[in-house]
Amino acid sequence: MDIYNKKLLFVMMYSSDYGGSLIPSWKYYANMLARRFKIETGWVFPYQQEKDWIRQLKNDYPVYFIPLPTGKKVVTELGKIISQFQPDIIHTHFEQYDISVAKAVKRFGSNIKMVWHIHDYMDFSVKGRTYPLLRYIRRRVLYALRYHIYGKNVWFVPVSLEMAHFVNHFRHHLFTAPEEYIPEKTNAALERITPLLNALFLPRLGDLPQRKKKRSSPLFHFLSFGTNFYGKGIDTLLAAGKLLSNKKYKFQIIITRGNNLEKSVQSYFAGELPSWVKIVPQTDQVRDLFLNADCYISTSRGETMCFAIAEAEMFLLPVIQNNIGGTLWNADMPSVSLFPCGNVTRLAELMEQAMTADEEELSEKTLQTRERLQKLLDLDCWCERLVEIYKSL
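Residues numbered from 1 in each chain as written. Predicted model: local features only at pLDDT ≥ 70, side-chain atom pairs only at ≥ 80, totals over all residues. Heavy atoms only, no water.

**Focus on helix α10 (residues 307–314)**
The α-helix advances 3.6 residues per turn, and as a result positions three or four apart in sequence lie on the same side. Extensive coverage of α10 is indicated by the burial of 8 of its 8 residues. By the burial criterion, the buried members of α10 are F307, A308, I309, A310, E311, A312, E313 and M314. Where α10 terminates, the next one or two residues include L316, which has phi positive at roughly 65 degrees. (Buried < 20%, exposed > 50% of the residue type's maximum accessible area, 1.4 Å probe, protein only. Helix = DSSP H or I, 4+ residues; strand = E, 2+ residues; numbered from the N terminus.)

Quick look at the structure:
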């Protein structure tokens, strides 16, 4: 496809209070497309309150709003935007609007090319949910419809190899669930699927430390971005913290607030929050969190491309992460330690090792990790990969 002088429409199921790394990265990409290829970009989001990142986008681009994906008029509203903006490419982000976009394209602009960016982790887990069998069946039907029927002529960009495997299965199989993702054994050919890690938008992080700072407090500070208690494996982290507390280590686990997370943590400790747990507000100013931490921990049960891990490493924090498929891109970094998902004893051991590690040796490893990460998640290289995808449509 000749992409010169075309129109691009981003449709994003995004309503966060902050733009994070996501919005600045895609804005950088849109600016590059405008400079090099004279491409005009529009943005579509669900109806929401005005926020700083939305106001900033409106200064440079047309921005539209539509009902939530469950709304009855969402396809019609998308059709109005398509008729007005006349896009040549629609690039969706997150998965909730994918089917609505496909329906709108069929009704209002059949020549439009579609790219669906897979940011979210998907599986069939219904543990702890009401009506688990119905939820399981609903997911099976939804994934089959999305990727086998409506996504037939779409180009997919998953941000992890695990989700590339997941989508690829449903593109070729309507009635079966994908097998467990095992990297060394999963080598299926990917058709119209390009796995692509997110890039890092470094300006948002400000000045980075030249070397890992030496500890100045008797407390060792572990940091984890919480958001969701079970999904992020916070129960595993707290259980490991109990083991360390029993050994009289001086430490603190700092967890960012999220969906009912504080309530879940309070419930976990039967209302008696120990002194070694600190819950802090979510913020877009992540640099202060990273500068005041000694180690980042990811205990997620399911993940794709985790910005927090990468940003922690840019601030020269060692990382302890579990061995789930979505974060294996980071597993062989010099300053990373791996533990089996949900293994509390092994996590506690690695936390002990982090607290007692030689600081000079660890500092060198974190510098090596950052150097490798800057190449792996380079923003301009990421932009070039996306341009190649557009040209192949």
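**Remarks on the environment of I254**
Along the chain, the position of I254 falls in strand β8 (residues 251–256). For I254, a relative accessible area of 10% gives the class buried. In the structure, I254 is positioned 22 residues away from W276 in sequence and 8.4 Å away in space, judged by C-alpha atoms. Once you skip the residues sitting within four places of it in the chain, I254 turns out to touch H221, F222, L223, S224, K278 and V280. (Contact = heavy atoms within 4.5 Å.)

**Considering the sheet that holds strand β12 (residues 336–339)**
Read across the sheet, 6 strands follow the order β9-β8-β7-β10-β11-β12 without closing on themselves; strand pairing throughout is parallel. The open sheet terminates on both sides in strands that have one partner only, identified here as β9 (277–280) and β12. On average, each strand axis in the sheet is tilted by 25 degrees relative to the strand beside it, whichever way the strands run. In terms of strand pairing, strand β7 (residues 220–224) meets β8 through 5 bridges, oriented parallel. (Pairing = 2+ DSSP bridges. Axes fitted to C-alpha atoms, helices over the stretch in contact; angles between N-to-C directions.)

**A short note on the pattern of salt bridges**
One pass over the structure, following the stated rule, counts 18 salt bridges. Ionic pairing is found between E311 and R204, a salt bridge with its closest N-O pair at 3.0 Å. With E311 in helix α10 and R204 in the loop between α6 (161–172) and β7, this residue pair connects regions lying 107 residues apart in the sequence. By relative accessible area, which is 2% here, E311 ends up buried. A relative accessible area of 22% means that R204 is categorised as partly exposed. Between R211 and E360 there is a salt bridge, with the nearest N and O atoms lying 3.9 Å from each other. With R211 in the loop between α6 and β7 and E360 in helix α12 (residues 359–376), this pair connects stretches of sequence that are 149 residues apart. For R211, a relative accessible area of 39% puts it in the partly exposed group. Each of R204, D284 and E311 takes part in a single network of salt bridges with overlapping partners. (Salt bridge = Lys/Arg side-chain N within 4 Å of Asp/Glu carboxyl O.)

**Description of unusual backbone geometry**
The backbone of Q86 shows a phi angle near 60 degrees, a positive value even though the residue is not glycine. When you line up the elements, Q86 lands in the loop between α3 (74–85) and β4 (89–93). Although it is not a glycine, L316 sits at a positive phi angle of roughly 65 degrees. The residue L316 is located in the loop between α10 and β11 (319–322) in this model.

**Quick look at empty space enclosed by the protein**
Throughout the structure, instances matching the rule amount to 1 cavity of 30 Å³ or more. In this model, the largest cavity occupies a volume close to 50 Å³. Residue contributions to the lining of the largest cavity peak at 3 residues, all from strand β10 (residues 295–298). When its residues are assigned to classes, the lining of the largest cavity shows 4 nonpolar, 4 polar and 2 charged. (1 Å grid on protein atoms, 1.4 Å probe; cavity = no way out; pocket = protein on both sides within 12 Å on 5 of 7 lines; lining within 4 Å. Points joined across faces, edges and corners; volume = space filled by probe spheres on them. Nonpolar A, V, L, I, M, F, W, Y, C, P; charged D, E, K, R; others polar.)

**Regarding the pairing of β10**
On β10, burial covers both faces: C295 and I297 on one face and Y296 and S298 on the other are all buried. Bridge analysis of β7 against β10 gives 2 bridges, and the strand direction is parallel. Across the sheet, the residue bridging to L223 is Y296, located in β10. Strand direction decides the pairing type here: β10 and β11, joined by 3 bridges, are parallel. Directly across from S298, in β11, lies its bridge partner Q321. Taken together, β10, α10 and β11 constitute a β-α-β crossover, and its handedness is right-handed. (Right-handed = clockwise from strand over helix to strand, strands pointing away.)

**Looking at the packing of helix α7 (residues 234–246) against helix α11 (residues 344–356)**
At a minimum axis distance of 8 Å, the contact between α7 and α11 shows a crossing angle of 60 degrees. In this view, α7 runs oblique relative to α11, as classed from their interaxial angle. Note that α7 runs across α11; the crossing there is right-handed. Contacts from T236, L237, A239, A240, L243 and L244 of α7 reach α11 at V344, T345, L347, A348, M351, E352 and M355. Here the residues of the contact of α7 with α11 are counted per class, giving 10 nonpolar, 2 polar and 1 charged. (Parallel < 35°, antiparallel > 145°, perpendicular 65-115°, else oblique. Left-handed = near helix turned anticlockwise from the far one by under 90°.)

**Observations concerning the packing of helix α5 (residues 132–150) against α6**
At their nearest, the axes of α5 and α6 sit 8 Å apart, and the two run at 80 degrees to each other. Taken together, the axes of α5 and α6 lie roughly perpendicular to each other. Across the interface between the two elements, R140, Y143, A144, Y147 and H148 from α5 touch F166, V167, F170, R171 and H172 from α6. Counted by class, the contact of α5 with α6 contains 6 nonpolar, 2 polar and 2 charged residues.

**Let's talk about the state of the cysteines**
All told, the structure shown has 0 disulfides when counted by the stated rule. Of all cysteine sulfurs, the one in C295 lies closest to C306, which takes part in no disulfide; the gap is 13 Å. Note on C306: relative accessible area 7%, which makes it buried. Free of any disulfide, C383 has its nearest neighbouring cysteine sulfur in C381, separated by 9.2 Å. (Disulfide = S-S within 2.5 Å.)

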